[in-house]
Amino acid sequence: MVRCGSSSPARSSQPANRNQQSATAISTDRSREGRILSVDPKPKKGNASQFFDVLEKLIVKLMRDSQQPREYLSGLFEPLREETPPQPNLCIKGYLPEGLNGELLMIGPNPKFTPVAGYHWYDGDGYIGDLEGLFGLFTGSMHFLRSIFKVLDVSYGWGTSNTNLTYHHGELLALGENDKPYVLRILEDGDLQTVGVLDYGKRLEHPFTAHPKIDSFTGKMFTFGSQLTPPYCTYRVISRDGFMHDPVPITLSEPTMMHDFAITENFAIFMDLPLKFRPKNLVIREELLAFDATKKARFGVLPRYSTDEHNMRWFELPNCFIFHTANAWEDGDEVVLITCRLESTDSMSIAYLIANPFGYKSELYEMRFNMKNGLASQKKLSVSSVEFPRVNDIYIGRKQRFVYTTIIGKRGGIIKFGGNIKGIFKLEPGKYCGDTVFVSSEPGVTCEEDDGYLIFFVYDENTGKSMVNVIDAKTMSCDPVAVVELPHVPFGFHSFFVTEEQLRAQTKV
Ligand SMILES: [Fe+2]
């Protein structure tokens, strides 16, 4: 977590992660009109806990191939043992612009404890395991058994909220798609505190995507949750004042990996893509998540205030997988979706990327869904390999011109698209960056769409150090406006900028 501002402190931190190998007790002390459950973990160390620890060690000893590489636990992914306290005097090359006041946050899965085995980068301390073959079946079953015997209390979810952050209704939320949101508070010195689990007064009973969308015109938040049981997806609308409306089932044929979605002024767009959860695969020594190359990619367009799914229009496009959308809007009879698109999921694993450093096959696409004739079309807007598309968030749901994407590969950077490539900021060899955040040069003031800064974390594999880069979004100049040097920050997922106004609003909560 980094606070950006001319005299502000900084530190790296792990918000909201908790040790899930211990029993977790959550008190019923409710705050904020009963919307937030305060978290008070009380690990149990009884006989049942010891039994499962021994059983797990036995399974790992008998089944785990110790020669198997653990690429998610070394280099940029290496567990960070010590938290760094807030540091007020970081070295800044260049200058932090006058209007750039707030706090830059990054969230990721870096584990606090070294996992026993069967670890995947996405897990954090969640201990979901890599879930492949019989070993995955057994380690996954340990999680279920611990919860059945109350060694692990999953009453309020079992995810890790390690994927993304957002801010709505005066609350900063840490999100993971297999859990409910966790409310965080930013303290005076820039540090983070977990306030509790947000269940909207018991109205939220299913997982909550890591990529909800906020319409800046209405202040409403739109979200969904993917589940392993029918209807497999549920859509929700949350009003400006934080009230969660009734669930809208989105019925799919089987459990589906749906990481993101999109909204327009009048519609919500769901992606039923052929990456499916198939638990039976574990028995036949395959992976839990299976990409079915025989199936089409389906896109569902639903009027965004529908109370049921009867008005959903489904469209088909060639087989693909999508992690992240950029934005969507309406253009006459058509709904337009700008998104990064993977031809297949082959290039998604770290092992593959180590062997093929330039092999992440993700491109920017424009997709169009005609609400009148039911036809869909798509066209490629970029070459490989770009991911984490971001726009000026004020334009979410409305037509925007510019998309900023991260270059995935041995030499990272940011590309600005606007019809064609408008600028490329390229890092030096050996430097990588995560997703970028667009921050308006004067938040809250109307200005040109690209009048602002792109801010992103950079990792230097040559020195092991990290930094934050601030670049000019309008010019995409190769000279950063500012480079803030940091202690080592492990590789994370998504970044978020909390504005000064949002910081002030949260103190009223
Ligand atoms: Fe994501």
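Looking at an unreviewed UniProt entry, one finds the protein chain named carotenoid 9,10-dioxygenase, with Papaver atlanticum as its source organism. Under the heading Catalytic activity (unreviewed entry), UniProt records this for the protein chain: "all-trans-zeaxanthin + 2 O2 = 4,9-dimethyldodeca-2,4,6,8,10-pentaenedial + 2 (3R)-hydroxy-beta-ionone". Word for word, the UniProt comment on the protein chain under Sequence similarities (unreviewed entry) is "Belongs to the carotenoid oxygenase family."

Draft legend 1. Geometry of the overall build of the protein chain. When you go through the protein chain residue by residue, the secondary structure sums to 5 helices and 33 strands. Across the 509 residues in the protein chain, those meeting the buried criterion constitute 45%. In the protein chain, 57% of the contacts between residues at least 6 apart in sequence involve partners at least 24 apart.

Draft legend 2. Up close: the UniProt feature "binding site: Fe cation" (unreviewed entry) in the protein chain. Following the UniProt record, the feature "binding site: Fe cation" (unreviewed entry) maps to His211, His259, His324 and His494 here. Spanning 284 residues, the named residues nonetheless gather at one spot, since no C-alpha pair among them exceeds 12.9 Å. Counting through the fold element by element, His259 comes out in the loop between β13 (248–249) and β14 (262–263). With 19 C-beta atoms packed within 10 Å, His259 lands in the partly exposed category.

Draft legend 3. Highlighting the pairing of strand β31 (residues 466–472). Of all 7 residues making up β31, 6 are buried, and the element is well covered by its neighbours. Examined bridge by bridge, strand β30 (residues 452–460) and β31 share 7 bridges and lie antiparallel to one another. When the sheet's bridge partners are listed, Tyr453 is paired in β31 with Asp472. Hairpin connection between β30 and β31: a loop of 5 residues separates the two successive antiparallel strands, and Gly464 in this loop has a positive phi of roughly 75°. Taken together, the 5 bridges between β31 and strand β32 (residues 482–486) define a ladder with antiparallel strand orientation. When the bridges of β32 are listed, Ser466 appears paired with Leu486.

Draft legend 4. Geometry of the confidence of the model for the protein chain. Looking at the protein chain, pLDDT values average 83 and 79% of them are 70 or higher. Note that pLDDT drops below 50 for residues 1–31; the model gives that stretch 109 contacts with residues more than four away or on any other chain.

Draft legend 5. Up close: unusual backbone geometry. Note that the residue after Pro230, namely Pro231, is joined by a cis bond; omega there is 5°. Its location among the elements puts Pro231 in the loop between β11 (221–226) and β12 (233–238). One non-glycine residue, His169, lies in positive phi territory at about 55°. Mapped onto the secondary structure, His169 falls in the loop between β6 (164–168) and β7 (171–175).

Draft legend 6. Geometry of the sheet that holds strand β21 (residues 334–342). Taken in spatial order, the 4 strands line up as β20-β21-β22-β23 in an open sheet, and their pairing is antiparallel. In this open sheet, the two edge strands, each paired with only one partner strand, are β20 (325–331) and β23 (376–380). With strand direction ignored, the average angle separating the axes of adjacent strands in the sheet is 20°. For β21 and strand β22 (residues 362–370), the ladder comprises 9 bridges, and the chain directions are antiparallel. What sits directly across from Leu337, in β22, is Met367.

Draft legend 7. Examining the environment of Ala326 more closely. Turning to its location among the elements, Ala326 is positioned in strand β20. Spatially, the C-alpha atoms of Ala326 and Cys340 are 7.4 Å apart, while their sequence positions differ by 14 residues. Apart from the residues within four sequence positions on either side, Ala326 is in contact with Ile338, Thr339, Pro389, Val391 and Val403.

Draft legend 8. Representation of the sheet that holds strand β26 (residues 413–418). Spatially, 4 strands are ordered β24-β25-β26-β27 in an open sheet, and the strand pairing comes out antiparallel. The strands lining the two open edges of the sheet, one partner per strand, are β24 (386–390) and β27 (420–426). In this sheet, neighbouring strand axes are inclined to one another by 25° on average, regardless of whether the strands run parallel or antiparallel. Of the pairings in the sheet, the one linking β26 to β27 comprises 6 bridges and is antiparallel in character. The partner of Phe417 across the bridge, within β27, is Ile421.

Draft legend 9. Structural view of the nonpolar core. Formed by 111 residues in total, the largest nonpolar core has its most connected members in Ala268, Ile269, Phe270, Phe299, Tyr453, Leu454 and Ile455. Of the residues forming this core, the biggest block, 7 residues, is contributed by β30.

Draft legend 10. Here's a closer look at the pairing of β26. A large share of β26 lies buried, amounting to 5 of its 6 residues. Where strand β25 (residues 403–407) and β26 come together, 5 bridges link them in antiparallel fashion. Bridge pairing links Ile407 to Gly413 in β26. The loop that links β25 with its antiparallel partner β26 comprises 5 residues; one of these, Gly409, has a positive phi angle of about 160°. As consecutive antiparallel partners, β26 and β27 are separated by 1 residue, and within that stretch Gly419 has a phi angle of approximately 90°, a positive value.

Draft legend 11. Quick look at the environment of Leu252. Considering the arrangement of structural elements, one finds Leu252 in the loop between β13 and β14. On the basis of neighbour counts, which here come to 19 C-beta atoms within 10 Å, the residue Leu252 falls in the partly exposed class. The sequence separation of Leu252 and Asp272 amounts to 20 residues, and the corresponding C-alpha distance is 7.4 Å. With residues up to four places along the chain from it excluded, the contact list for Leu252 reads Pro231, Tyr232, Cys233 and Asp272.

Draft legend 12. Highlighting the environment of Arg341. If you trace the backbone, Arg341 turns up in strand β21. Since 26 C-beta atoms lie within 10 Å of it, Arg341 is described here as buried. With 21 residues separating them along the chain, Arg341 and Ser362 place their C-alpha atoms 5.3 Å apart. Residue contacts for Arg341: discarding those within four places in its chain leaves Cys320, Ile322, Ser362, Glu363 and Tyr365.

Parameters and conventions
Residues numbered from 1 in each chain as written. Predicted model: local features only at pLDDT ≥ 70, side-chain atom pairs only at ≥ 80, totals over all residues. UniProt positions renumbered as here; feature names shortened; annotations may be inferred. Helix = DSSP H or I, 4+ residues; strand = E, 2+ residues; numbered from the N terminus. Buried ≥ 20, exposed ≤ 12 C-beta atoms within 10 Å, placed from the backbone. Contact = placed C-beta atoms within 7 Å. Pairing = 2+ DSSP bridges. pLDDT = per-residue confidence, 0-100. Axes fitted to C-alpha atoms, helices over the stretch in contact; angles between N-to-C directions. Core = buried A, V, L, I, M, F, W, Y, C linked by C-beta atoms within 7 Å.

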